[in-house]
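Residue-level structural notes
Okay, here's what each chain looks like letter by letter:
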Amino acid sequence: MKAYWQLTLSQLRIFLRNRQVLFWTLAFPIFLMIMLGSFLGDGNGVSVSIGVVDQDQTTLSKEFSKTLGKIETVNLEPIDSKEKALAQVKKGNLQLVVVIPQGYENQMMDAATTTPFELPIYYNETDVAVSQIGMTIVNSVVDGISKEKANYTPVIVTHANGIEALDLKYIDFLVPGILAMMIMSNNMNGVAGQIAAWRERGILRRMQGTTLKASTFIAAQITARLLLNGMQALIVLGVAHLIYGTQVNGSWLSLITFVILGTLAFMAIGFIIAGVAKTPESAGPIAGFLSFPMLFLGGVFFPIRDMPAFLQPIVNVLPISHLSHALRETMNVGTSFMDLGSEALILGGWLVGAFIVASYTFKWE
Amino acid sequence: MRNQTETMIEIKNLVKKYGSFTAVNGIGFSVNKGEIFGLLGPNGAGKSTTLEMMVGLRKPDTGSAIIGGFDIAKDLLKVKEVIGIQLQSTTLFELLTVEEILKLYASFYQKNVLIPELIEDMVLTEKTKSRVKTLSGGQKQRLAIALALVHDPWILFLDEPTTGLDPQARRTLWDIVLKLKEKGKTTVLTTHYMDEAQVLCDRIAIMDQGNLIALDTPSGLIKSLESDSAVEFQYEGNLLTQELEQLDGVKQVGKHKDTYVLYTDNLQETLITLIQFTSEKQIQLTNLQTRTSTLEDVFIHMTGRSLREE
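I will try to describe carefully the structure that is included in this document. Worth saying up front: this structure is predicted, and the values here are computed from it rather than measured. (Residues numbered from 1 in each chain as written. Chains lettered and ligands numbered in written order. Predicted model: local features only at pLDDT ≥ 70, side-chain atom pairs only at ≥ 80, totals over all residues. Heavy atoms only, no water.)

1. Observations concerning the overall build of chain B
The cut-off we apply is this: What counts as a helix is a DSSP run of H or I of at least four residues, what counts as a strand is a run of E of at least two, and both are numbered from the N terminus. For the exposure calls, accessible area comes from a 1.4 Å probe over protein chains only, and a residue counts as buried if that area is under 20% of its type's maximum, exposed if over 50%, partly exposed in between. Any pair of residues with heavy atoms lying within 4.5 Å of one another is described as a contacting pair.
Secondary structure assignment for chain B yields 11 helices and 14 strands. Dimensions of chain B along its principal axes, counting C-alpha atoms only, are 75 × 45 × 35 Å. Evaluated residue by residue, chain B yields a buried proportion of 53% over its 310 residues. Considering only intrachain contacts with a sequence separation of at least 6, the fraction spanning at least 24 residues in chain B is 69%.

2. Here's the deal with the sheet that holds strand E4 (residues 121–123) of chain A
All names here are of chain A. The test is simple: Strands pair, by our definition, only if DSSP identifies at least two bridges between them. Here, axes are lines fitted to C-alpha atoms. For helices the fit covers the stretch in contact, and angles between N-to-C directions go from 0 to 180 degrees.
Within the open sheet, the four strands sit side by side as E2-E1-E3-E4. Their pairing is mixed. Each edge of the open sheet is held by one strand with a lone partner, namely strand E2 (74–78) and E4. Averaged over all neighbouring strand pairs, the angle between strand axes comes to 20°, with direction disregarded. Pairing of strand E3 (residues 96–100) with E4 involves three bridges; the strand directions are antiparallel.

3. Remarks on the side chain of A:Glu343
Residue and element names in this part refer to chain A. Using the following cut-off: Charge convention: Lys and Arg are scored as positive, Asp and Glu as negative, and His as well as the terminal groups of each chain are ignored. Within this document, salt bridges are pairs made up of a side-chain nitrogen of Lys or Arg and a carboxyl oxygen of Asp or Glu, the two lying within 4 Å of each other.
In this fold, Glu-343 is placed in helix H14 (residues 341–361). The charged side chain of Glu-343 is buried without a salt bridge, its nearest counter-charge being Arg-328 at 10 Å. Ignoring anything within four residues of it in the chain, the contact list for Glu-343 reads Phe-258, His-322, His-325 and Ala-326.

4. Some details on the pairing of strand E12 (residues 250–256) of chain B
Residue and element names in this part refer to chain B. Both E12 and strand E13 (residues 259–264) contribute to a ladder of six bridges, which runs antiparallel. What sits directly across from His-256, in E13, is Thr-259. The hairpin turn running from E12 into E13, its antiparallel successor, is two residues long, and Lys-257 in that turn takes a positive phi close to 55°.

5. A look at the packing of helix H10 (residues 252–276) of chain A against helix H13 (residues 319–333) of chain A
Packed helices, taken two at a time, are described by their axes: the angle between them and the distance between them. All names here are of chain A. So the rule is basically this: Should an angle lie under 35 degrees it is considered roughly parallel, over 145 roughly antiparallel, and from 65 to 115 roughly perpendicular; all remaining angles are considered oblique. Two helices cross in a left-handed way if the nearer one is turned anticlockwise from the farther one by less than a right angle. They cross in a right-handed way if the turn is clockwise.
With their axes 10 Å apart at the nearest point, H10 and H13 run at an angle of 170° to one another. Regarding the angle of H10 to H13, the classification is roughly antiparallel. Regarding H10 and H13, the two cross each other, and that crossing is left-handed. Contact residues: H10 offers Ser-254, Leu-255, Phe-258, Val-259, Gly-262, Phe-266 and Ile-269, while H13 offers Pro-319, Ile-320, Leu-323, Ala-326, Leu-327, Thr-330 and Met-331.

In C-alpha cells:
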C-alpha cells in the first residue's frame, strides 16, 4: 500500500514537473477547440443571399422587394443590372437572383389579364440545398401576392411553431469530441511512450530487482493517470464554458464515469502497444497509426452518420466512437447513464479485453 | 528473520545461452559473509550476465544459486529482500529529487533504513533536495548505491560501479564500499579495472568468454604468475618472441601492438641479458621500464590478451 501511494505520488510529480509535456497535452486540445469552434461555431442557422434586380422601379415592385427582405433568413441585396447579379451568383456570393422585369406594375394593375406574369429566377446549381430554400421562400412570397390579388380566402392554413428544444451549435458537438480525443491520445500514446521509454532506460528493470509487484506498479500508474486526466478534462470543460458557454446537461457522475471508462480502456491499449513495441522509437508511430484514423472516424470532429456506409461497421466498433458518443449524449442531451448502457458495455469490453491482452504482452525488459 | 549463514552466496554450474552463443559457461563459486568479491574480466566476459542471474533478473538455463540462504529459483521474493542491486546503465527518474526517489524505493520494501543517514553515508547531503538530472556521474552512481541500501540488505551487488567516473569520484566510491564492508555487508562487484579489484576485493574471480579461469585473493593470483616482476618496453619493429623467451630469467613474453612485456622472477639477470641482446642486434628500445606484476599481467598470462582491448 505504501508502495502504491509513493508510486502514484512520484508519477504525479513527474507529470507536473514535466512542464513541456503538461503544457502541450493541454494546449493542443484547447487550441484545436478554439480554432474549430471559432470557424465553425455558428453553423446552425441557414441564411440565403438573394439578389433582386428591379427593372420596373415602381411602387409595387419595391413592395415586392420589401416583402422578401422582411423574411428572417433572407439577406436581400438590390443590384442594378442582371449581368452583375449573375456574376455574383457564379462567384457564390449570392444563391439566388430574382429579376423583376419592366411592366410588372402595369400587369398587376390590369386586373383583366389572365396570363400570369413571369418572374425569372436564377440560382446556383452547385449549392442546390440552399438555392432550394431560397426558391421556396420566393415562391411563398409570390404566392402570397397572387392570392391577395385574387382576393383568395384560404380554407386551411398551417401555423408554424418553432420548438427550441436544445440550443446546440457545432461547438457543443465539438467539446465532447475534443475531450474524447484528449483521453485517447494522453492515455494510449502517453502510456505506450512512457512505459517503452522506461523499459529502454532500465528503470523498469531496476524496479523488477526489488520486492515491488507488477500489479502495484500498474495500479499506481493507472491512479496517477486518472487523476491527471480528470484534471485536464475539467480544465478543457472550464475553458469551453468560459469561451463558448458550453454546458453539461446530463449528470456529472455519468460524465465522470465515462471519462474513467475511456481512460482505462485507452490506457490498457497503451500497455499493449508498450508491450509490442521493441523500442520507444517504435511505440510512437504504432500509437499514431492507431490514434490517427480514430480521430477522423470516431466521431470526434464529424458525426459518424456523415461517414460513408462501408466505414460504418468499422467505426461502430472503435472505442473512441462510443466514448465520444457517450460524452456527447451526456453533455448535450443529458441522456441518463442507463440509456447509455450499451456504450458503457462496449467500452467496458474494450477495457477488459485490452487488459487481458496487455497482461500477456507486458514485459519488464 | 533467520540467522545469517557464514556462506552468503553459493552458486553452482550456472549456464546462460543466447541461441548458439554461450554467455556464461558453467560458473560456480561461493562468497562468505563480509567479503568483497570481485568478478573481473573484459567486456563481454559474462560478468554482468552472471550477476544478473544471481539477483534473479535473468533465468539461468541450468545451475543453481543460493543467495543469503534462499534459492533464487524458489524463493526469489525472499532473495530480493536481502539483496540490494545497482545495475549497469540504469537511469533513474530524472525529475524526482534524491530524497523523493529514496523514499519511493524504500516504499517497495518492508524494512527500511533512515533516509537522512543513508544520504549522509553516500556523501549526498548537499543534494538531498536536488533533482536527479542535476547530479554528476559520481553522485548518480552513489545515489544508485543508496537505492540498493534503502532496505538494509545483507548482500550488495554492484555492476561496474565506477565505469565512466573520474579518479576522484572513483576513490569516493571505493571508500563507501570499504565502509560497507566494515558494517558487515557482503559485496559482489564486477569491474574491468584491475586497480579497483586489487584495492577493494578480498577475492577475485577472473572471467573470460563465459568461463571462470581463476579464483583467488589478489596477491594469490599475482603469485601464481611465478614471476613477480615485469620488464616493459616499446619497439617499432618485429622482435621474435621466441628469442626474447631465451633471455635469462624470462618466464613469459607478452606483446600488445608495439609494447613488449617480459615476465621474470629475476629482474636483474633479465635486464642485463636484454641490454646485451639489444646492443648485439643494434635494436633501439624506447620507454624501457620495470615494475611489479599486476592483475592485468595475470590476465594476459592466462588468456594471452589484454583486459581492455582497444
